[in-house]
Amino acid sequence: MLDGCPWHSSRFLLRFFHFSPTLFFAVQVRVQAWKEVSGKDIKFVNLDIAKEYDLLVQLIKEEKPDSIVHFAEQRAAPYSMKTSKTKRYTVDNNVGGSNNLCCAVIDSEVDAHIVHLGTMGVYGYGTSGGEIPEGYIDVILPGGREANILHPAYPGSVYHATKCLDALLWQFYQKNDQLRITDLHQGIVWGTNTPQTVRDERLINRFDYDGDYGTVLNRFLMQGAMGVPLTVYGTGGQTRAFIHITDTARCIEIAINNPPKAGERVEIFNQVAETRRVRDVAKLVADQTGVEMNLLPNPRQEAAENELDVSNKKFCSLGLDPITLDEALFNEVTEVVQKYKHRCDPTKILPASFWNKKRAEECASLDPSSVKVKV
């Protein structure tokens, strides 16, 4: 498991702390806690795969893994758009790390299956003219020739652009070196605990709620618990794909257990449970918490409204029974958010990263100090 600056997934190290109200323990504590509750050991090695290539090759040679789960990337679209420095870092870290991993698998001469956490954002939103297929799309080429090609990329941030570049690297190394690779195009993750992490509070996952690292539903959940009006960007007409953290872990397990065979093209799964319009998600939270929705200027350069129809047939055919917002949302609000809301800083709620100068100007009136918690 390569884990640098990943999503919220269970049992593994997260090195960036930012603004999570949950008590996130040091990796050594988490590893020990897991051993106590499960009787199983997790080995931890601290290295930067984007910079410490020789150590990465050595590690793969020593461990000889059957699969390598690649989460070691800067994970936030807003952070990637914050400054020129964060844009350059995101590209250098994410693309460089992915390329290093492919090279290391080749140089180590270990036939490891790479499972990469990608994003639904590689497709863009509503650009396919219908249901977004899983990775590959049927097209008619000049002369009436039919073909099935990698879905065209349409990134909405530097972060998403790095995932598109990753996808091209996977295609090249599969074709050139017959690497076995699975790319998981994941929707927006929500929730905090999995059946594993709930066994001990020392294993609890992050719950980012700030404008840079908090995913939209987690932000809404925390804002609702704090009595703060929900920060809906623009009209709230953006339709996005969602998945609960438990299903994220389950999908990774399914992908590991169903690797492509040698010589087969890159396997691509749409790792999503459902699609919802942002304002509809906000209404779900508002109805359960009694807070209002507040339409803010949008810090992102994106369409005000879009449709999104996504295929997730592959995972469902392999046994995924996805958790939906209606089923589990109330538990998330009452059990986790209420417990940790006292640790939240309301000044971190409003957006702090803007896609371009025009967006920054439109958001200039937003005042972080104006956000007040309902006592």
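Reading the values: rules and limits
Residues numbered from 1 in each chain as written. Predicted model: local features only at pLDDT ≥ 70, side-chain atom pairs only at ≥ 80, totals over all residues. Heavy atoms only, no water. Helix = DSSP H or I, 4+ residues; strand = E, 2+ residues; numbered from the N terminus. Rg over C-alpha atoms; globule rule 2.2 N^0.38 Å. Lys, Arg positive; Asp, Glu negative; His and termini not counted. Charge placed at Lys NZ, Arg CZ, Asp CG, Glu CD. Core = buried A, V, L, I, M, F, W, Y, C linked by side-chain atoms within 4.5 Å. Buried < 20%, exposed > 50% of the residue type's maximum accessible area, 1.4 Å probe, protein only. Contact = heavy atoms within 4.5 Å. Pairing = 2+ DSSP bridges. Axes fitted to C-alpha atoms, helices over the stretch in contact; angles between N-to-C directions. Salt bridge = Lys/Arg side-chain N within 4 Å of Asp/Glu carboxyl O. Expected span 1.5 Å × (residues − 1). Polar contact = N/O pair within 3.5 Å; in protein donor to acceptor, adjacent residues only side chain to side chain.

### Remarks on the overall build of the protein chain
- Helix and strand content of the protein chain: 11 helices and 11 strands.
- Expected size for 375 residues packed as a compact globule is a radius of gyration near 21 Å; at 20 Å, the protein chain falls within 12% of this value.
- Structurally, the protein chain occupies a C-alpha span of about 60 × 60 × 40 Å along its principal axes.
- Here the protein chain carries 42 positive and 47 negative side-chain charges, and the mean point of each set is 4 Å from the other.

### As for the nonpolar core
- By size, the foremost hydrophobic cluster in this structure holds 37 residues, and its most contacted members are Leu217 and Phe220.
- When contributions to this core are tallied by element, the ones reaching two or more residues are β6 (188-190), α6 (216-226), β7 (230-233), α8 (278-289) and α10 (325-340).
- Among the elements that make up this core, the one with the highest residue count is α6 (seven residues).
- Those residues in contact with phenylalanine 220, other than ones at most four positions away along the chain, are Leu230, Thr231, Val232, Val278, Val281, Ala282 and Val285.
- Within the second largest apolar cluster, 34 residues are counted, among which are Leu2, Ile49, Leu56 and Val105.

### Side note on the sheet that holds β6
- Here three strands make up an open sheet; going across it, the order is β6-β8-β10 and the pairing mixed. Edge positions in the sheet fall to β6 and β10 (274-277), since each of these pairs with one other strand and no more. Between one strand axis and the next, the sheet turns by 45° as a mean value, whatever way the strands run.
- Alignment of strand β8 (residues 239-244) against β10, held across four bridges, turns out to be antiparallel. Of the residues in β10, the one forming a bridge with threonine 239 is arginine 277.
- Sitting on the sheet, α6 touches β6 and β8, and the angle it makes with β6 is about 35°.

### Let's talk about the pattern of salt bridges
- Applying the stated criterion to the full structure yields 21 salt bridges.
- Note that lysine 35 is salt-bridged to aspartate 41, the shortest N-O span being 3.4 Å.
- Its relative accessible area of 39% is what places lysine 35 among the partly exposed residues.
- Overall, the relative accessible area of 61% leaves aspartate 41 in the exposed class.

### Quick look at unusual backbone geometry
- Despite not being glycine, glutamate 109 shows a phi value in the positive range, around 60°.
- For glutamate 109, the location among the structural elements is in the loop between α4 (84-108) and β2 (113-117).
- Residue class for glutamate 109 comes out exposed when judged on its relative accessible area of 73%.
- The phi dihedral of glutamine 178 is positive, around 60°, even though this residue is not glycine.
- Along the chain, glutamine 178 falls in the loop between α5 (158-177) and β5 (181-186).

### Focus: α5
- Relative to the 28 Å expected for 20 residues at 1.5 Å per residue, α5 spans 28 Å between its end C-alpha atoms, a close match to the ideal helical length.
- Residues Val158, Tyr159, His160, Thr162, Lys163, Cys164, Asp166, Ala167, Leu169, Trp170, Tyr173 and Gln174 constitute the buried set of α5.
- Contacts from the buried residues of α5 go to β1 (67-70), α3 (77-80), α4, β2 and β5.
- Put simply, serine 157 is the residue that caps the front of α5, since its side-chain oxygen is 3.3 Å from the backbone nitrogen of tyrosine 159.
- The first or second residue beyond α5 is glutamine 178, which carries a positive phi of 60°.

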